[in-house]
Amino acid sequence: MKKLTKSSVDRKIFGVCGGLAEYFGVDSTWVRLAVVLFTLAGGSGVIAYLIAALIIPEEA
């Protein structure tokens, strides 16, 4: 069973986008692009990213 964790390899700031990309099996560039688009569309991307950075555990 896959577990959602922050990436320790594909990390730019906190590893959230890299971890989500590994979990869903997509390129991390697409996840980062989605975060930027949500941020530009009202700021929800920043809030969601910070919440995810706090609650998603580190990769073991």
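Residues numbered from 1 in each chain as written. Predicted model: local features only at pLDDT ≥ 70, side-chain atom pairs only at ≥ 80, totals over all residues. Heavy atoms only, no water.

**Thoughts on the overall build of the protein**
- Each helix and strand counted, the protein has three helices and zero strands in total.
- In the protein, the order of α-helices and β-strands from amino to carboxyl end is α-α-α.
- The C-alpha atoms of the protein give a radius of gyration of 11 Å, which matches the 10 Å a tight globule of 60 residues would have.
- Taking the principal axes of its C-alpha atoms as reference, the protein extends roughly 35 × 20 × 20 Å.
- When contacts within the protein are restricted to residue pairs at least 6 apart in sequence, those whose partners lie at least 24 apart make up 40%.
- Carbon and sulfur atoms form 71% of the exposed surface of the protein, whose accessible area is close to 4,300 Å².
- Taking the average place of the 6 positive charges on the side chains of the protein and the average place of its 5 negative ones, the gap between the two points comes to 4 Å. (Helix = DSSP H or I, 4+ residues; strand = E, 2+ residues; numbered from the N terminus. Rg over C-alpha atoms; globule rule 2.2 N^0.38 Å. Contact = heavy atoms within 4.5 Å. Areas by Shrake-Rupley, 256 points an atom, 1.4 Å probe, with all protein chains shown as cover. Lys, Arg positive; Asp, Glu negative; His and termini not counted. Charge placed at Lys NZ, Arg CZ, Asp CG, Glu CD.)

**Some thoughts on the environment of G19**
- As for its placement among the helices and strands, G19 is situated in helix α1 (residues 16-24).
- Note: C-alpha distance between G19 and S7 (12 residues apart in sequence) is 4.5 Å.
- If we ignore the near neighbours within four places in the chain, the residues touching G19 are L4, T5, K6 and S7.

**Concerning the pattern of salt bridges**
- Counting across every chain of the model gives three salt bridges.
- The closest approach of N and O atoms between K6 and E58, which form a salt bridge, is 3.3 Å. Separated by 52 residues along the polypeptide, K6 in the segment before α1 and E58 in the segment after α3 (44-55) bring together distant segments of the chain.
- The exposure class of E58 is partly exposed, given its relative accessible area of 44%. (Salt bridge = Lys/Arg side-chain N within 4 Å of Asp/Glu carboxyl O. Buried < 20%, exposed > 50% of the residue type's maximum accessible area, 1.4 Å probe, protein only.)

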